[in-house]
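Below are the chains, spelled out letter by letter.
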Amino acid sequence: MKVLIVGSGGREHALALAIHKSPRCEALYCAPGNAGTAAVAENVPLAATDIEGVVDFCLKTGIGYVVVAPDDPLALGMVDALAEKGIRAFGPDKKAAAIEGSKVFAKGLMEKYGIPTARYRVYEDCVAAYNDVRMAGKYPVVIKADGLALGKGVVIAQSLGEAQDALRSIMEDKIFGASGNRVVIEEFLTGPEVSVLCFTDGETIVPMVSSMDHKRIYDGDRGPNTGGMGTVAPNRHYTPEIAEECMRTIFRPTVEAMKAEGRPFKGCLYFGLMLTANGPKVIEYNCRFGDPETQVVLPLLQSDLLSVLEAVTDGRLAEAEVSFRDGAAACVVLASGGYPGSYEKGKEIEGLAGPFDPAVTVYHAGTALKDGKTVTAGGRVLGVSAVGDCLEDALRLAYAAAEKITFPGKQLRTDIGKK
Ligand code: AMP
Ligand code: GLY
């Protein structure tokens with residue numbers, strides 16, 4: 001079978017390496033891919049959001065299966081468009097992708113079905129939102145753009161001034177475009193955060209090993225939010241008891257709610273959870289594999305990934321074999337200087353050839369090939385992952401490898417997995 005992966009980040013490189021190993025994969029393509037995917041797949045110069053281009057390419061090339069990895073093509077209905085032409089694809093259809101594409105929809109779903117989450121209100125009017133924040137006078141307060149915003153649409157405002165700035169830039173200056181037509185304002189929750197990626201075919205749910213993201217740019221969880229600066233798996237806060245509670249109060253009710261709403265979810269459903277003093281609550285849903293969570297979850301997967309993905313698409317997940325090895329994985333992200341603000345691209349990356357411990361995998365995120373050299377091409381450049389018998393081993397190996405790779409302006413967090 002010929003397989004196409006849509007997307008170009010570290011997550012897509014991790015998916016490519018896992019799918020490439022599958023005996024079912026006869027040829028692998030990635031659109032548009034990066035310098036890392038080029039080593040295991042043929043990169044196809046199509047934007048991840050180019051639905052028509054991707055459908056045409058699949059028909060022309062005889063692609064048998066597509067994995068749509070990023071949120072935007074899912075929200076735009078790429079899986080629907082492929083299905084119309086009889087092409088099987090992994091990921092939710094447009095209606096189901098709304099669970100990530102609209103925070104207003106997601107909050108309404110949780111409210112209607114009693115799924116634990118932060119208390120909230122929706123606003124279409126900036127002045128009304130501002131007045132309510134001022135009247136409540138309680139900080140921090142959490143302000144979220146309704147739509148997709150490259151992982152940057154959430155502001156934790158510590159004061160009225162910060163809330164006002166956030167509301168103005170989201171709702172009036174429209175820094176995220178139409179995603180800011182509405183905002184959700186919600187209560188600030190505290191507790192350890194856990195990411196749980198689940199395979200689901202709309203009926204059966206199979207959680208993957210839990211993980212922890214590190215969203216802020218600087219050590220000690222300081223500075224602005226990013227797409228994710230590092231991950232560890234499993235998440236030590238996520239005990240078997242909590243896992244059982246999440247399945248009962250969050251995972252199963254969510255999958256059943258989506259089915260009841262006529263939006264059955266097939267794909268990878270990502271639960272961003274906070275373990276509060278009042279039990280686990282949903283911080284966010286994503287309709288896809290997380291990045292950089294995928295770079296620690298897939299290295300621990302023992303089963304054939306492609307077979308599991310196909311079982312999800314075909315509604316046979318209950319029969320699929322999904323198992324994870326014991327031990328732990330860690331991923332340290334190397335980012336461009338200036339990220340998550342503006343940064344320069346095209347910096348030559350050195351040290352990629354290692355040598356590295358065999359337990360290490362260097363996932364490319366924002367990289368490109370230029371005159372035979374690998375250069376930076378994004379904010380998050382590389383994800384350096386390692387597996388080990390325990391988290392300390394995985395972290396030691398990942399950091400040792402991360403040190404050997406250099407490029408001008410390189411920044412990384414030195415405290416991944418320390419919390
Ligand atoms: P998101 O983009 O939805 O993942 O949100 C980014 C980050 O903001 C999350 O990972 C949390 O750390 C934080 N966050 C979002 N919602 C809340 C909340 N209600 N209370 C506290 N922190 C939150
Ligand atoms: N790591 C969080 C996300 O993928 O949205």
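Figured I'd write up the structure that's included with this text. Quantities reported herein were computed from a predicted structural model and do not represent experimental measurements. (Residues numbered from 1 in each chain as written. Chains lettered and ligands numbered in written order. Predicted model: local features only at pLDDT ≥ 70, side-chain atom pairs only at ≥ 80, totals over all residues. Heavy atoms only, no water.)

Some points on the packing of helix H7 (residues 126-136) against helix H8 (residues 160-172)
Here's step 1: Two elements in contact, H7 and H8, have axes separated by 10 Å at closest approach and are oriented at 165°. Taken together, the axes of H7 and H8 are roughly antiparallel relative to one another. Crossing of H7 against H8: the hand is right-handed. Contacts between H7 and H8 involve Cys-126, Ala-129, Tyr-130, Val-133 and Arg-134 from the first element and Leu-160, Ala-163, Gln-164, Leu-167, Arg-168, Met-171 and Glu-172 from the second.
Here's step 2: When the residues that make up the contact of H7 with H8 are grouped by side-chain class, the tally is 8 nonpolar, 1 polar and 3 charged. (Axes fitted to C-alpha atoms, helices over the stretch in contact; angles between N-to-C directions. Helix = DSSP H or I, 4+ residues; strand = E, 2+ residues; numbered from the N terminus. Parallel < 35°, antiparallel > 145°, perpendicular 65-115°, else oblique. Left-handed = near helix turned anticlockwise from the far one by under 90°. Contact = heavy atoms within 4.5 Å. Nonpolar A, V, L, I, M, F, W, Y, C, P; charged D, E, K, R; others polar.)

Observations concerning the site of ligand 1
Here's step 1: Not every one of the 15 residues close to ligand 1 is listed here, only the nearest: Glu-186, Glu-187, Leu-189, Glu-193 and Glu-284.
Here's step 2: A distance of 2.7 Å is found between a nitrogen atom of ligand 1 and a side-chain nitrogen or oxygen belonging to Glu-186.
Here's step 3: Between Lys-215 and ligand 1, the recorded distance is 3.3 Å, taken from a side-chain N or O atom to an oxygen atom.
Here's step 4: Within the complex, the protein chains bury 93% of what would otherwise be the 470 Å² of accessible surface of ligand 1.
Here's step 5: Every element with two or more residues in the shell around ligand 1 is listed here: strand S7 (141-145), strand S8 (154-157) and strand S17 (279-286).
Here's step 6: Its residues placed into classes, the shell around ligand 1 shows 8 nonpolar, 1 polar and 6 charged. (Near = heavy atom within 4 Å. Polar contact = N/O pair within 3.5 Å; in protein donor to acceptor, adjacent residues only side chain to side chain. Areas by Shrake-Rupley, 256 points an atom, 1.4 Å probe, with all protein chains shown as cover.)

A look at a negative patch on the surface
Here's step 1: Residues Glu-124, Asp-125, Glu-172 and Asp-173 make up a contiguous surface patch of negative charge.
Here's step 2: For Asp-125, the location among the structural elements is in the loop between strand S6 (120-123) and H7.
Here's step 3: Exposure remark for Asp-125: the relative accessible area of 41% places this residue in the partly exposed category. (Patch = residues over 30% accessible without salt bridge, like charges linked within 9 Å, V, L, I, M, F, W, Y side chains within 5 Å. Salt bridge = Lys/Arg side-chain N within 4 Å of Asp/Glu carboxyl O. Lys, Arg positive; Asp, Glu negative; His and termini not counted. Charge placed at Lys NZ, Arg CZ, Asp CG, Glu CD. Buried < 20%, exposed > 50% of the residue type's maximum accessible area, 1.4 Å probe, protein only.)

A short note on the packing of aromatic side chains
Here's step 1: Inspection of the entire model under this criterion finds 6 aromatic pairs.
Here's step 2: Centroid distance Tyr-29 to Phe-57: 5.5 Å. Interplanar angle 70°. Geometry classified as edge-to-face. With Tyr-29 in strand S2 (residues 27-32) and Phe-57 in helix H2 (residues 51-61), this pair connects stretches of sequence that are 28 residues apart.
Here's step 3: When the ring of Tyr-339 is compared with that of Tyr-343, the centres are 6.3 Å apart and the planes differ by 65°; the resulting orientation is edge-to-face.
Here's step 4: Through a chain of ring-to-ring contacts, three or more aromatic side chains come together here, namely Phe-90, Phe-199 and Phe-289. (Phe/Tyr/Trp six-rings, centres within 6.5 Å; stacked < 30°, edge-to-face > 60°.)

Regarding unusual backbone geometry
Here's step 1: Going from Tyr-139 to Pro-140, the amide bond is cis rather than trans, its omega being 0°.
Here's step 2: Along the chain, Pro-140 turns up in the loop between H7 and S7.
Here's step 3: The omega torsion of the bond from Asp-291 to Pro-292 falls at 15°, within 30 degrees of zero and hence cis.
Here's step 4: Checked against the element boundaries, Pro-292 lands in the loop between S17 and helix H10 (294-297).
Here's step 5: For Asp-221, which is not glycine, the phi torsion reads 55° and is therefore positive.

Considerations on the site of ligand 2
Here's step 1: Surrounding ligand 2, one finds Asp-213, Lys-215, Gly-227, Tyr-270, Asn-286, Arg-288, Gly-290, Asp-291, Pro-292 and Glu-293.
Here's step 2: One of the backbone nitrogen or oxygen atoms of Asp-291 is found 2.9 Å away from a nitrogen atom of ligand 2.
Here's step 3: Alone, ligand 2 offers 200 Å² of accessible surface; in the complex the protein occludes 93% of this.
Here's step 4: Across the shell around ligand 2, the residue classes tally to 2 nonpolar, 3 polar and 5 charged.

Here's the deal with the environment of Gln-295
Here's step 1: Mapped onto the elements of the fold, Gln-295 is located in helix H10.
Here's step 2: For the pair Gln-295 and Arg-413, spaced 118 residues apart in sequence, the C-alpha to C-alpha distance is 16 Å.
Here's step 3: Of the polar contacts made by the side chain of Gln-295, one reaches the side chain of Asp-291; its length is 2.9 Å.

Focus on the sheet that holds S6
Here's step 1: Read from one edge to the other, the open sheet built from 4 strands follows the order S6-S9-S7-S8, with strand pairing classed as antiparallel. Only two strands of the sheet have a single partner each, and these edge strands are S6 and S8. This sheet shows a mean twist of 20° between the axes of neighbouring strands, independent of strand direction.
Here's step 2: In this structure, S7 lies alongside S8, joined through 4 bridges in antiparallel fashion. (Pairing = 2+ DSSP bridges.)

Section: the sheet that holds strand S11 (residues 205-207)
Here's step 1: Read across the open sheet, the 4 strands follow the order S11-S10-S16-S17; overall the sheet is antiparallel. Both outer strands of the open sheet, S11 and S17, are each paired with one neighbouring strand and no more. This sheet shows a mean twist of 35° between the axes of neighbouring strands, independent of strand direction.
Here's step 2: Sheet topology note: the strand S10 (residues 193-200)/strand S16 (residues 267-276) ladder contains 8 bridges and is antiparallel. For Val-194, the partnering residue across the bridge sits in S16 and is Leu-273.
Here's step 3: Along the sheet, helix H9 (residues 240-260) makes contact with S10, S11, S16 and S17, crossing S16 at roughly 130°.

Considering the nonpolar core
Here's step 1: The biggest cluster of nonpolar side chains holds 70 residues, and the ones touching the most others in it are Ile-19, Phe-90, Phe-199, Phe-289, Leu-305 and Leu-309.
Here's step 2: Residues in contact with Phe-289, not counting those within four places in the same chain, are Arg-11, Leu-15, Phe-90, Leu-197, Phe-199, Met-208, Cys-268, Thr-294 and Leu-309.
Here's step 3: The next biggest cluster of nonpolar side chains, apart from the first, holds 52 residues, and it includes Ala-31, Leu-46, Leu-74 and Leu-275. (Core = buried A, V, L, I, M, F, W, Y, C linked by side-chain atoms within 4.5 Å.)

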